[in-house]
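Structure at a glance
Here are the chains, one letter per residue:
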Amino acid sequence: PLQSACALTIFSSLIVNLLAMSQGAGQAATVSLRNSVGSKLEVAKHGAHVLTWSPGVNEESVLFVSPAAKFGPQDAIRGGIPICFPQFGPRGALEQHGFCRKNNDWAIAKQDEKSVEFELKDSESTRASAWPHTFQVNYLVELTDEGNLATKMKVKNTGSEQFTFTCALHTYFGVGDISSTSVEGLRGCEYEDSLQGGKVLQEQEDAIRFEGEVDRVYGPTPQEIEIKDQSHKRRICIFKSSSFPDAVVWNPWIEKSQKMADLPDDAYKRFVCVEVGAIRQPVSLQPQQEWEASQAISVKS
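Because the structure is predicted, anything quoted here is derived from the model rather than measured.

This part is about the state of the cysteines. All chains considered together, the criterion is met by zero disulfides. Just so you know, C189 is unpaired, no disulfide at all, and the nearest cysteine sulfur is the one on C237, 17 Å from it.

In structure tokens:
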């Protein structure tokens, strides 16, 4: 029995702990998952924010978190997987990307040896915002038996009036060198180019490469998108549900990085954001209606 208990602790543990963050930002409550093949991930309760995910033993996290990220109770963590809800970017009257990613009211609704589900409900502060609706968001984070990362987001209108929202999982993927990284699977897709005032264009290239700032909202997009990270000799595969019809491709490049207090000047070289979401066409929910969407991420050599 003692050996079984030790094996369970080592190979299929779910630990709620306190992780001391750097830059003197204090502490953030986290949940850690680890499976029998050595895959692991860590999620901060603040914002239900996935911080790290390593698909194999002794492998670095596939996700990028800025060395200068801030972890205070009012901060948006730079890196990992921020949840943008109920507004993506500046597409509404709320602050950038809405209030979910900075929210401290996320509660753990369920947990087992391989997954944790967070829940957020409307509160006095959200009802006092420019989006005053009654809602419930459930966010499931799962470490699969193969070591892949799976996330599912569910939104329910718990009120008596219709509401609309936009949302995204703003995933920061770590890469060896952005200049030798490409994003594939979006050829022929329409996109809004934020660097040209939202001008609508069509992707002509098989591979999106980076020689400067890129900030585009593609949609609708295929369910599968791939990041080729040549420096690490790997492919990061993103599979999303059709209820996440859109995908953002973003890298701030040099000048914008220099303006971000929570991002070192040269950090743009080490990540690319591919953000699945429902952005270009807002989701509308009638009272008591639910919506859900998911993504699964895997790594191949």
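On to the nonpolar core. In this structure, F85, Y139, M153, F165, V183 and W291 are the most contacted members of the largest nonpolar core, which totals 61 residues. Broken down by element, this core gets its largest block of residues, six residues, from strand β20 (residues 271-285). If sequence neighbours within four positions are ignored, M153 has contacts with I83, F85, V137, N138, Y139, C167, L169, W291, E292 and A293. Among the nonpolar cores identified, the runner-up in size contains 14 residues, and F64, A168, V248 and W250 belong to it.

On to the pairing of strand β10 (residues 163-169), then. Within β10, six of the seven residues are buried, which leaves the element mostly enclosed by the surrounding structure. Pairing geometry for strand β5 (residues 83-84) and β10, over two bridges, is antiparallel. Among the inter-strand pairings, I83 is bridged to a residue of β10, identified as L169. Alignment of β10 against β20, held across six bridges, turns out to be antiparallel. If you follow L169 over to β20, its bridge partner there is V276.

Another point: the pattern of salt bridges. A pair can form between side chains of opposite charge whenever their charged atoms are brought close. Applying the stated criterion across every chain, the model contains 17 salt bridges. Of the charged contacts in the structure, one is a salt bridge between E119 and K121, with a shortest N-O distance of 3.9 Å. Of the residues examined, E119 reaches a relative accessible area of 22% and is grouped as partly exposed. Classification of K121 as partly exposed rests on a relative accessible area of 45%. The network of salt bridges with shared partners includes R91, E190, E192 and R280.

According to the stated counting rule, one finds 16 aromatic pairs in the structure shown. Centre to centre, the rings of F85 and W131 are 5.6 Å apart; their planes meet at 75 degrees, and the pair counts as edge-to-face. Of this pair, F85 sits in the loop between β5 and β6 (107-111) while W131 sits in the loop between α2 (124-127) and β8 (135-143); the two residues are 46 residues apart in sequence, bridging distant segments of the chain. Note on accessibility: F85 and W131 belong to one class, buried. Geometrically, the ring pair formed by Y172 and W250 is edge-to-face, given 6.2 Å between the ring centres and 90 degrees between the ring planes. Of this pair, Y172 sits in strand β11 (residues 172-174) while W250 sits in strand β19 (residues 246-251), and the two are 78 residues apart along the sequence. Of the two residues, Y172 and W250, both sit in the buried class.

Another point: the sheet that holds β6. Strand order in this open sheet of nine strands is β6-β7-β8-β9-β21-β18-β17-β12-β15, and the pairing throughout is antiparallel. One side of each edge strand has no neighbouring strand; the edge strands of this open sheet are β6 and β15 (207-209). Pairwise comparison of adjacent strand axes, ignoring direction, gives a mean angle of 20 degrees for this sheet.

All right, on to the layout of surface pockets then. If a probe the size of a water molecule is rolled over the atoms, the empty space left behind becomes visible. Its boundaries defined by the atoms lining it, the largest pocket holds a volume of some 470 Å³. Around the largest pocket sit 24 residues that line it, and G89, Q96, H97, H170 and W250 are the ones nearest its centre. Every element with two or more residues in the lining of the largest pocket is listed here: β16 (214-218) and β19. Grouping the constituent residues of the lining of the largest pocket by class yields 11 nonpolar, five polar and eight charged.

Cut-offs and rules
- Residues numbered from 1 in each chain as written.
- Predicted model: local features only at pLDDT ≥ 70, side-chain atom pairs only at ≥ 80, totals over all residues.
- Heavy atoms only, no water.
- Disulfide = S-S within 2.5 Å.
- Core = buried A, V, L, I, M, F, W, Y, C linked by side-chain atoms within 4.5 Å.
- Buried < 20%, exposed > 50% of the residue type's maximum accessible area, 1.4 Å probe, protein only.
- Helix = DSSP H or I, 4+ residues; strand = E, 2+ residues; numbered from the N terminus.
- Contact = heavy atoms within 4.5 Å.
- Pairing = 2+ DSSP bridges.
- Salt bridge = Lys/Arg side-chain N within 4 Å of Asp/Glu carboxyl O.
- Phe/Tyr/Trp six-rings, centres within 6.5 Å; stacked < 30°, edge-to-face > 60°.
- Axes fitted to C-alpha atoms, helices over the stretch in contact; angles between N-to-C directions.
- 1 Å grid on protein atoms, 1.4 Å probe; cavity = no way out; pocket = protein on both sides within 12 Å on 5 of 7 lines; lining within 4 Å.
- Points joined across faces, edges and corners; volume = space filled by probe spheres on them.
- Nonpolar A, V, L, I, M, F, W, Y, C, P; charged D, E, K, R; others polar.

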